[in-house]
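A look at the structure
Chain by chain, the residues:
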Amino acid sequence: QQQVKQSPQSLIVQKGGISIINCAYENTAFDYFPWYQQFPGKGPALLIAIRPDVSEKKEGRFTISFNKSAKQFSLHIMDSQPGDSATYFCAARGEDNAGNMLTFGGGTRLMVKP
Amino acid sequence: EPEVTQTPSHQVTQMGQEVILRCVPISNHLYFYWYRQILGQKVEFLVSFYNNEISEKSEIFDDQFSVERPDGSNFTLKIRSTKLEDSAMYFCASRKDRGLNYGYTFGSGTRLTVV
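The model shown is predicted, which means the values in this text are computed figures rather than measured ones. (Residues numbered from 1 in each chain as written. Chains lettered and ligands numbered in written order. Predicted model: local features only at pLDDT ≥ 70, side-chain atom pairs only at ≥ 80, totals over all residues. Heavy atoms only, no water.)

1. Topic: the overall build of chain A
Of regular secondary structure, chain A possesses 0 helices and 11 strands. In chain A, the order of α-helices and β-strands from amino to carboxyl end is β-β-β-β-β-β-β-β-β-β-β. For chain A, the C-alpha radius of gyration of 14 Å lies close to 13 Å, the compact-globule estimate for 114 residues. Taking the principal axes of its C-alpha atoms as reference, chain A extends roughly 45 × 30 × 20 Å. Out of the 114 residues in chain A, the part that is buried amounts to 48%. (Helix = DSSP H or I, 4+ residues; strand = E, 2+ residues; numbered from the N terminus. Rg over C-alpha atoms; globule rule 2.2 N^0.38 Å. Buried < 20%, exposed > 50% of the residue type's maximum accessible area, 1.4 Å probe, protein only.)

This is the structure in structure tokens:
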């Protein structure tokens, strides 16, 4: 119930292309869905986040699409750049747990080829 | 921009030894977390801490683990008797408050290697 499933595990995209990473969840109490970017040797850094009352959120080249009925959300990176090469994690959090902690997906290693 | 600071960045320890991982959360944050990431795997929740007590812990956080906020600024994770499978990156995170407007800030992590 607490799992967040992420796909694909790895992704190779040409520079300028669109990177798409998908996540699915089961717990309907989740109410906050962030995406984190992680470079090697660093901690996860918040990229963009969405609440379930909106279907899309865009910040620069990054867009989250959210489908509440399907319990799925995805990250789109437009005009992907080599500097976007990193591991991306989706996550979810619900107010139903006392600790208010994040549950992470398994991660997607993105490589953007020049 | 305020940061969560973790020390040391890398620690090597003998199996069975005690280790203490240290974190300095952002000063006005009230919620504190430890997560771990085994190499190449996903980030896993260990424990959350609020108002000087544990608010939730995962199955990973067994009796070998403990957390403490000894002086109002530091937040520590202690592993009493390390095992080989404790080798991982340990991330501290903090959050100003509950509610959807408050995000989580992660530190850069401590790489723990148990030999």
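2. Re the pairing of strand 3 (residues 19-24) of chain B
All names here are of chain B. On strand 3, burial follows the alternation: Val19, Leu21 and Cys23 on one face are buried, whereas Ile20, Arg22 and Val24 on the facing-out side are not. Of the strand pairs in this sheet, strand 3 and strand 8 (residues 75-79) are connected by 5 bridges, and their pairing is antiparallel. When the sheet's bridge partners are listed, Val19 is paired in strand 8 with Ile79. (Pairing = 2+ DSSP bridges.)

3. Observations concerning the sheet that holds strand 8 (residues 72-77) of chain A
All names here are of chain A. Strand order in the open sheet formed by 5 strands is 1-3-8-7-6, and the pairing between neighbours is antiparallel. Pairing within the sheet leaves two strands with one partner each, and these edge strands are strand 1 (4-7) and strand 6 (56-59). Ignoring which end each strand starts from, the neighbouring axes of this sheet average 15° apart. (Axes fitted to C-alpha atoms, helices over the stretch in contact; angles between N-to-C directions.)

4. Brief notes about unusual backbone geometry
A cis geometry characterises the amide bond from A:Ser7 onward to A:Pro8, with omega recorded as -5°. Here A:Pro8 lies in the loop between strand 1 and strand 2 (10-14). Looking along the chain, the bond that leaves B:Thr7 and enters B:Pro8 is cis, with omega of -10°. The phi dihedral of A:Asp79 is positive, around 45°, even though this residue is not glycine. Tracing the sequence through the fold places A:Asp79 in the loop between strand 8 and strand 9 (86-94). Positioned with a positive phi, B:Asn51 is a non-glycine residue whose angle comes to about 55°. Position of B:Asn51 among the secondary structure elements: in the loop between strand 5 (43-50) and strand 6 (53-57). By relative accessible area, which is 58% here, B:Asn51 ends up exposed.

Distances and angles like these do not, on their own, reveal function.
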